[in-house]
Amino acid sequence: MKKLIKIASAIVLLIAIIFFSFAPQYLDKSMNKVVLRETFPKNSFYNSISFIADLHCDALLWDRNFLNQHDYGHVDLPRMLQANLAFQVFTIVSKTPRGINIEKNDDHTDQVALLNFAQLKAPANWFSIKTRALNQCNDLHDFAQNSNGKFRVITNKKELQQYIDDRQKNHNLAAGMLGIEGAHCLETELNNLDEFSKAGVRYIGLTHFFDNEWAGSAHGMKKEGLTEKGKQLIKKMTDLHITIDLAHASQKTISDVLRLHNGPVLVSHTRVKGVCDNNRNLTDEQLIAIGKHNGLVGIGLWETAVCGTDAAATAKSIRYVADKIGVDKVGLGSDFDGAIGTHFDVTGLPLIVTALQKEGFTKSEIEQIMGGNIRDFFLRNLPD
Ligand SMILES: [Zn+2]
């Protein structure tokens, strides 16, 4: 009997070792696939673009050392440098429902808790959404600290301007900023916003895949608008110079924000119904209202956003937005590492430049779209 218990314990231990050693990386690899895994040539024009930027990447969700190069997933520091990507916003995903879809989700399940368990993160991460979100923020600061000066986190205008100046002299630098997908990580407490502000979060998407206490999601059960608490939240965000991100927000939430809030907004990763019609994407009226708010629209790379996955599909949506609200209000919002399949990882950005050239954009317009607009938006809207 004792022998049997010993054998059973050994088998359980072995299964646990195999699970915890391979499951997190297996999930990362299988959920962040790319079609093309090759070296993409960069021409002299591409290399000359001084500030390539992207509004949305979920790399911090995965158990990956950002400082090392990987042959899976979409973004890490060596690949950012290889791609001449100057600035990447890293967004915090803190709770996602099982059976995630763009039509209807409730908040009863929590896949990120399971992922954090499989990643062997400290138990506080399994049970507190706020803790796991703040820990992801801290991870980015730790990566910066250990990068030998190659990577920095931008939190205000002064740091951004300094970085722009430094990068003129040295292209071998990269920077990140923090954003949040879903204000549910505030755990219903408005004052928790202060902690995220201190941690460097500079935009917040009010909802992710389910309705929360602040606002309705495009993919929630009820899809309502801003709640009373949500109205307080956008006021406090404005006071702290944290930009509102309307990605994943319900139609009613988008209308409420655009009606009640005079300041700028962004849509960090989206597409437009005029090119690809589904309830995740923006209508022409919403686009125009965002334009009037001097906002910014980040165009994504994934299938449900663009009705296609290649660079040409992304460029087509960029053309649509530029024609509707101006070439100064559109940028990239790849959603790299957001549990999506893409045509290429970050090193494939030169393909987007080629596709934009085929759409007839001039070189200076391409410089704006590839990052100049994002740079200028945050130079205007970050805290001093
Ligand atoms: Zn998203």
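- The chain is annotated in an unreviewed UniProt entry as Peptidase M19 from Emticicia aquatica.

**A look at the overall build of the chain**
Part 1 of the reasoning: In terms of regular secondary structure, the chain is built from 15 helices and 9 strands.
Part 2 of the reasoning: By the compact-globule yardstick of 21 Å for 384 residues, the chain fits well, its C-alpha radius of gyration being 21 Å.
Part 3 of the reasoning: Its C-alpha atoms give the chain principal-axis dimensions of about 75 × 50 × 40 Å.
Part 4 of the reasoning: Within the chain, buried positions represent 57% of all 384 residues.
Part 5 of the reasoning: Looking at the chain alone, contacts between residues at least 24 apart form 72% of all its contacts between residues at least 6 apart.
Part 6 of the reasoning: When the accessible surface of the chain is totalled, it reaches about 16000 Å², and 54% of it is carbon and sulfur.

**Re the pattern of salt bridges**
Part 1 of the reasoning: Overall, the coordinates contain 17 salt bridges when judged by the stated rule.
Part 2 of the reasoning: Its salt-bridge partner being lysine 231, residue glutamate 228 comes within 3.1 Å of it at the nearest N-O pair. Here lysine 231 and glutamate 228 lie together in helix α9 (residues 228–239), a separation of 3 residues that amounts to about one turn.
Part 3 of the reasoning: Assessed through its relative accessible area of 34%, lysine 231 is described here as partly exposed.

**With respect to the coordination of the zinc ion**
Part 1 of the reasoning: The protein atoms donating to the zinc ion are Glu181 (OE), His248 (NE2) and His269 (NE2), with metal-donor distances spanning 2.1 to 2.2 Å.
Part 2 of the reasoning: Each donor residue of the zinc ion belongs to the same chain, and together they define the spacing E-x66-H-x20-H. With glutamate 181 in strand β4 (residues 174–181) and histidine 248 in the loop between β6 (243–245) and α10 (251–260), the pair connects residues that are 67 residues apart, well separated along the chain. Histidine 248 matches glutamate 181 in its accessibility class, with the two residues each being buried.

**Points about the packing of aromatic side chains**
Part 1 of the reasoning: For the coordinates displayed, the defined rule picks out 10 aromatic pairs.
Part 2 of the reasoning: For the pair phenylalanine 87 and phenylalanine 378, a centre-to-centre distance of 6.0 Å together with 50° between the ring planes defines the contact as tilted. On the criterion of sequence distance, the pair formed by phenylalanine 87 in strand β2 (residues 85–93) and phenylalanine 378 in helix α15 (residues 363–381) is long-range, its members being 291 residues apart.
Part 3 of the reasoning: Judged by centre distance (5.3 Å) and plane angle (90°), the ring pair of phenylalanine 377 and phenylalanine 378 falls under edge-to-face. This pair shows no difference in class: phenylalanine 377 is buried, exactly as phenylalanine 378 is.
Part 4 of the reasoning: Through successive ring pairs, a cluster of aromatic residues spans Phe51, Phe87, Tyr163, Phe377 and Phe378.
Part 5 of the reasoning: The ring of phenylalanine 210 has lysine 95 sitting right over it, with the charged end atom 5.4 Å from the ring centre.

**Comments concerning the packing of helix α14 (residues 349–358) against α15**
A pair of packed helices is characterised by two quantities: the angle between their axes and the separation of those axes.
Part 1 of the reasoning: Contact geometry for α14 and α15: axes closest at 10 Å, N-to-C directions at 140°. As for how α14 packs across α15, the hand of that crossing is right-handed. For the pair formed by α14 and α15, the contact residues are Leu349, Ile352, Val353, Leu356 and Gln357 on the first element and Ile366, Ile369 and Met370 on the second.
Part 2 of the reasoning: Split by residue class, the contact of α14 with α15 holds 7 nonpolar, 1 polar and no charged.

**With respect to empty space enclosed by the protein**
Part 1 of the reasoning: A complete count under the given rule lists 2 cavities of 30 Å³ or more for this structure.
Part 2 of the reasoning: Looking at the largest cavity, its volume works out to about 70 Å³.
Part 3 of the reasoning: Lining the largest cavity are 14 residues, with Ala249, Ile254, Arg280, Asn281 and Leu282 sitting closest to its centre.
Part 4 of the reasoning: Counting residues per element, the ones that place at least two in the lining of the largest cavity are α10 and β7 (265–270).
Part 5 of the reasoning: A class-by-class count of the residues in the lining of the largest cavity yields 7 nonpolar, 6 polar and 1 charged.
Part 6 of the reasoning: Within this model, the second largest cavity holds a volume of roughly 50 Å³.
Part 7 of the reasoning: What lines the second largest cavity is Ser50, Phe51, Ile164, Arg167, Gln168, His171 and Arg375.

**Comments concerning helix α13 (residues 311–325)**
Part 1 of the reasoning: With 15 residues, α13 extends 21 Å between its outermost C-alpha atoms, agreeing within 8% with the 21 Å of an ideal straight helix rising 1.5 Å per residue.
Part 2 of the reasoning: Those residues of α13 that fall on the buried side of the exposure criterion are Ala311, Ala313, Thr314, Ala315, Ser317, Ile318, Val321, Ala322 and Ile325.
Part 3 of the reasoning: Looking one or two places after α13, you find glycine 326, whose phi comes out positive at around 115°.

**Topic: a nonpolar patch on the surface**
Part 1 of the reasoning: A surface patch of nonpolar side chains, amounting to about 380 Å² of accessible area, comprises Met1, Leu4 and Ile5.
Part 2 of the reasoning: Counting through the fold element by element, isoleucine 5 comes out in helix α1 (residues 2–31).

Rules used throughout
- Residues numbered from 1 in each chain as written.
- Predicted model: local features only at pLDDT ≥ 70, side-chain atom pairs only at ≥ 80, totals over all residues.
- Heavy atoms only, no water.
- Helix = DSSP H or I, 4+ residues; strand = E, 2+ residues; numbered from the N terminus.
- Rg over C-alpha atoms; globule rule 2.2 N^0.38 Å.
- Buried < 20%, exposed > 50% of the residue type's maximum accessible area, 1.4 Å probe, protein only.
- Contact = heavy atoms within 4.5 Å.
- Areas by Shrake-Rupley, 256 points an atom, 1.4 Å probe, with all protein chains shown as cover.
- Salt bridge = Lys/Arg side-chain N within 4 Å of Asp/Glu carboxyl O.
- Donors = N, O, S within 2.8 Å, 3.2 Å for Na, K, Ca; no water.
- Phe/Tyr/Trp six-rings, centres within 6.5 Å; stacked < 30°, edge-to-face > 60°.
- Lys NZ or Arg CZ within 6 Å of the ring centre and 35° of its normal.
- Axes fitted to C-alpha atoms, helices over the stretch in contact; angles between N-to-C directions.
- Left-handed = near helix turned anticlockwise from the far one by under 90°.
- Nonpolar A, V, L, I, M, F, W, Y, C, P; charged D, E, K, R; others polar.
- 1 Å grid on protein atoms, 1.4 Å probe; cavity = no way out; pocket = protein on both sides within 12 Å on 5 of 7 lines; lining within 4 Å.
- Points joined across faces, edges and corners; volume = space filled by probe spheres on them.
- Expected span 1.5 Å × (residues − 1).
- Patch = residues over 30% accessible without salt bridge, like charges linked within 9 Å, V, L, I, M, F, W, Y side chains within 5 Å.

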